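Remarks on the overall topology
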Amino acid sequence: MKRVLMLGPPGSGKGTQGERLARSLGVEHISSGALLREAVAGGTPLGHQVEQAMSEGRLVSDELVSEAVRPALQRRNGYVLDGFPRKLSQTDGVDFDAVVHLDVPEAEVVRRLLGRGRADDTEAVIAERLREYREDTLPLLDHYRDVVVEVDGDRDADEIAAELRERV
Ligand code: AP5
């Protein structure tokens, strides 16, 4: 059973490709953002605590994201994780067989996200999410350098999926 992390800027296709890769590997796709959005939509105590940070494009606290994600990890041996860890302080005890880096230029991710229109897909919030990505998440590439799989994410989604099936 493989453990894979999808890493890339907002809008790089972590969700799109993560779901396809998980299906082909026969494991679950676990998205920290989706779990947090479910908590917000369900009006749970966790949801109330993370709502404001998410709407402003800021990362939520390590404790709160752990509360959302760790139970899902403990139940499984293999998974494709999307969105966690996304800063060095979240990497304790979380190891992977492969870390997929979806490389997409910022202008392209902004174009994709403005076209999608999720609640946090406004210009100001996207700019903050990109800043968080550059400052907090990019250092994970060095942390996991032995297992990083570099992928050009600025291509047709089917081509990317086919490459991932071969290389992961
Ligand atoms: P999260 O849900 O992880 O959002 P994100 O990283 O901003 O990523 P997105 O979901 O926007 O994009 P994606 O890369 O998955 O791309 P997608 O496949 O959807 O996190 C949201 C928030 O939760 C964070 O801001 C933070 O507040 C909080 N959070 C989450 N995890 C956290 C953590 N660990 N610590 C602290 N806080 C945390 O594709 C995007 C669009 O592009 C779609 O419309 C898609 O159809 C399109 N598209 C995809 N691939 C292609 C392609 N090849 N060509 C053209 N279009 C494409």
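Located above this text is the structure these notes cover.
Residues numbered from 1 in each chain as written. Predicted model: local features only at pLDDT ≥ 70, side-chain atom pairs only at ≥ 80, totals over all residues. Heavy atoms only, no water.

With that settled, the discussion passes to the nonpolar core. Counting 25 residues, the largest nonpolar core has Val-60, Leu-81 and Phe-96 as its most contacted members. Secondary structure elements with two or more residues in this core: strand 1 (3-7), helix 2 (32-41), helix 3 (45-55), helix 4 (62-74), strand 3 (79-82) and helix 7 (139-143). Excluding anything up to four places from it in sequence, Phe-96 contacts Arg-3, Val-4, Leu-5, Tyr-79, Leu-81, Phe-84, Pro-85, Tyr-144 and Val-147. In terms of nonpolar packing, the next biggest core, distinct from the first, is built from 14 residues, Ala-22, Val-80, Val-149 and Val-168 among them. (Core = buried A, V, L, I, M, F, W, Y, C linked by side-chain atoms within 4.5 Å. Buried < 20%, exposed > 50% of the residue type's maximum accessible area, 1.4 Å probe, protein only. Helix = DSSP H or I, 4+ residues; strand = E, 2+ residues; numbered from the N terminus. Contact = heavy atoms within 4.5 Å.)

On to the layout of surface pockets. Quantified by volume, the largest pocket comes out at close to 780 Å³. What lines the largest pocket is a set of 38 residues, among which Lys-14, Arg-37, Arg-86, Arg-118 and Arg-129 lie closest to the centre. When contributions to the lining of the largest pocket are tallied by element, the ones reaching two or more residues are strand 1, helix 1 (14-25), strand 2 (28-31), helix 2, helix 5 (106-116) and helix 6 (123-137). With 5 residues, the top contributor of residues to the lining of the largest pocket is helix 2. Among the residues forming the lining of the largest pocket, the class breakdown is 12 nonpolar, 14 polar and 12 charged. Considering the residues around the second largest pocket, the lining is formed by Arg-37, Val-40, Glu-51, Met-54, Ser-55, Arg-118, Ala-119 and Asp-120. Broken down by secondary-structure element, the contributors of at least two residues to the lining of the second largest pocket are helix 2 and helix 3. Broken down by element, the residue count for the lining of the second largest pocket peaks at 3 residues, all from helix 3. Its residues assigned to classes, the lining of the second largest pocket shows 3 nonpolar, 1 polar and 4 charged. (1 Å grid on protein atoms, 1.4 Å probe; cavity = no way out; pocket = protein on both sides within 12 Å on 5 of 7 lines; lining within 4 Å. Points joined across faces, edges and corners; volume = space filled by probe spheres on them. Nonpolar A, V, L, I, M, F, W, Y, C, P; charged D, E, K, R; others polar.)

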